[in-house]
Amino acid sequence: MLAARVSPLAHPVLERELSLTVPTDVVLIEDAVTIVCSHLEDRFQDARTVRFNVRVALCEALANAMLYGNRGDRSKTVDLRARYGPFAIEIHVTDEGAGFDPDGVPDPTLPENLERPDGRGVFLIRCLMDEVRFNDKGNSVCMMLRRS
Amino acid sequence: MGFTVRRNGKDVVVVDVEGQLIVGNRQELKARILEALEAGDRKFLIDFTHTGYIDSSGLGVLVSLSKKIRDEGGELKLAGLNEDLRTLFELTKLDTLFAISDTAADALTQF
């Protein structure tokens, strides 16, 4: 059973912080996404974007963290931290892996890659969120949405 | 949440995706369709009318099923994508790879 911890933040835009530790098991992704998005929908002014863009981007980030970062090792976990308010969302997803080079991912929309079954995760995150940053090691992604 | 497999009068296997198609359940969809393909079915329609979202693993399984079905001389069509889901297909250019109809009824007339 996943349990999120929510606490207030002393920040002008990001009012709350939610933390969730997710064991490496893809079956848990749906529950983790539902928990996080239900909290975000209550506060963020654009609920529709949370229901679709954030859900898909978070699914991608968690799947990448579990399958490629932690390499399916069930003894490892994924750390999820969401800071949010009515006008902004910032979600960090961090795995215990060695990291990867996000700029080395081939463009999945090129004709030669179109029939590949994988390689669309990072592309979709970048399409669906306003800003995406990886740490230097490449094992943590920060996904942001802003509304004025 | 899950998949409902039914068959219409034109020997088309119709799979309804209820909820979402993501990394946690994509293998079930793949298994259900490959089972029908091995049993001799060649016409497939996946109906997303009741689908909230699809992740890249879900898109990937559709790509892989499309290829397998095509290799066996069959065809796979998609229908019922809402505006957000259609955007996903457009962003990834997979709208150029699949035959996509607005509704399942429309798609069934195309077989």
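Keep in mind it's a predicted model, so treat the numbers as computed, not measured.

1. Topic: the sheet that holds strand β6 (residues 140–146) of chain A
Residues and elements named next belong to chain A.
Then, in step 1: Pairing within the open sheet is antiparallel, and its six strands lie in the order β1-β2-β3-β4-β6-β5. Edge positions in the sheet fall to β1 (5–8) and β5 (131–134), since each of these pairs with one other strand and no more. The mean inter-strand angle of the sheet, taken between neighbouring strand axes irrespective of direction, is 15°.
Then, in step 2: Lying on the sheet, helix α1 (residues 29–43) is in contact with β1, β2 (16–23), β3 (77–84) and β4 (88–94); it crosses β2 at an angle near 170°.

2. A short note on the packing of α1 of chain A against helix α2 (residues 47–69) of chain A
Residues and elements named next belong to chain A.
Then, in step 1: Between α1 and α2, the shortest axis-to-axis distance is 9 Å and the interhelical angle comes to 145°. Relative to α2, α1 is oriented so that their crossing is right-handed. Residues Ile29, Ala32, Val33, Val36, Cys37, Leu40 and Glu41 of α1 lie in contact with α2, whose contacting residues are Ala47, Val50, Arg51, Val54, Arg55, Leu58, Cys59, Leu62 and Ala63.
Then, in step 2: Within the contact of α1 with α2, the residues separate by chemical class into 13 nonpolar, no polar and three charged.

3. Things to note about the environment of Leu20 of chain A
Residue and element names in this part refer to chain A.
Then, in step 1: Considering the arrangement of structural elements, one finds Leu20 in strand β2.
Then, in step 2: Owing to 21 C-beta atoms within 10 Å, Leu20 belongs among the buried residues under this scheme.
Then, in step 3: Contact partners of Leu20, with chain neighbours within four places excluded, come to Leu2, Ala4, Ala32, Ile35, Val36 and Leu80.

4. Looking at the pairing of β5 of chain A
All names here are of chain A.
Then, in step 1: Taken together, the four bridges between β5 and β6 define a ladder with antiparallel strand orientation. Bridge assignment links Phe134 to a residue of β6, and that residue is Val141.
Then, in step 2: Once β5 ends, the chain turns through five residues before running back antiparallel as β6, passing Gly138 with a positive phi of about 90°.

5. Considerations on the packing of helix α1 (residues 26–38) of chain B against helix α2 (residues 56–71) of chain B
All names here are of chain B.
Then, in step 1: Two numbers describe how α1 lies on α2: the axes approach to 10 Å, and their chain directions differ by 10°. Of the possible angle classes, the one that applies to α1 and α2 is roughly parallel. In this structure, the crossing between α1 and α2 has a hand that is right-handed. Along its contact with α1, which presents Arg26, Leu29, Lys30, Ile33 and Leu37, the element α2 presents Ser57, Gly58, Val61, Leu65, Lys68 and Ile69.
Then, in step 2: Here the residues of the contact of α1 with α2 sort into six nonpolar, two polar and three charged.

6. Considering the nonpolar core
Residues and elements named next belong to chain A.
Then, in step 1: In terms of nonpolar packing, the biggest core is built from 65 residues, with Ala57, Leu58, Ala61, Leu62 and Ile89 touching the most fellow members.
Then, in step 2: When residues in this core are grouped by element, the largest group, 12 residues, is from α2.
Then, in step 3: When near neighbours in sequence (up to four residues on either side) are disregarded, Ile89 contacts Leu40, Phe44, Val54, Ala82, Tyr84, Met144 and Leu145.

7. Looking at the interface of chain B and chain A
Then, in step 1: At the junction of the two partners, chain B supplies 18 residues and chain A supplies 20 residues.
Then, in step 2: Elements with a minimum of two residues in the side of chain B that touches chain A: α2 and α3 (83–91) of chain B.
Then, in step 3: Here the side of chain B that touches chain A takes eight residues from α2 of chain B, the largest share from any one element.
Then, in step 4: Grouping the amino acids of the side of chain B that touches chain A by side-chain chemistry returns eight nonpolar, six polar and four charged.

8. Concerning α1 of chain B
Residue and element names in this part refer to chain B.
Then, in step 1: Here α1 spans 18 Å end to end across 13 residues, near enough to the 18 Å set by a 1.5 Å rise per residue.
Then, in step 2: What α1 keeps buried is the set Arg26, Leu29 and Ile33. Projected down its long axis, α1 carries its buried residues within an arc of 65°, all on one side. Residues Gln27, Ala31, Glu35 and Glu38 are exposed on α1 and point more than 90 degrees away from its buried face.
Then, in step 3: For α1, the secondary structure elements touched by its buried residues are β1 (2–7), β2 (12–21), β3 (43–47) and α2.
Then, in step 4: Directly after α1, the chain includes Gly40, whose backbone phi takes a positive value near 115°.

Definitions and cut-offs
Residues numbered from 1 in each chain as written. Chains lettered and ligands numbered in written order. Predicted model: local features only at pLDDT ≥ 70, side-chain atom pairs only at ≥ 80, totals over all residues. Pairing = 2+ DSSP bridges. Helix = DSSP H or I, 4+ residues; strand = E, 2+ residues; numbered from the N terminus. Axes fitted to C-alpha atoms, helices over the stretch in contact; angles between N-to-C directions. Contact = placed C-beta atoms within 7 Å. Left-handed = near helix turned anticlockwise from the far one by under 90°. Nonpolar A, V, L, I, M, F, W, Y, C, P; charged D, E, K, R; others polar. Buried ≥ 20, exposed ≤ 12 C-beta atoms within 10 Å, placed from the backbone. Parallel < 35°, antiparallel > 145°, perpendicular 65-115°, else oblique. Core = buried A, V, L, I, M, F, W, Y, C linked by C-beta atoms within 7 Å. Expected span 1.5 Å × (residues − 1). Arc of directions from axis to C-beta.

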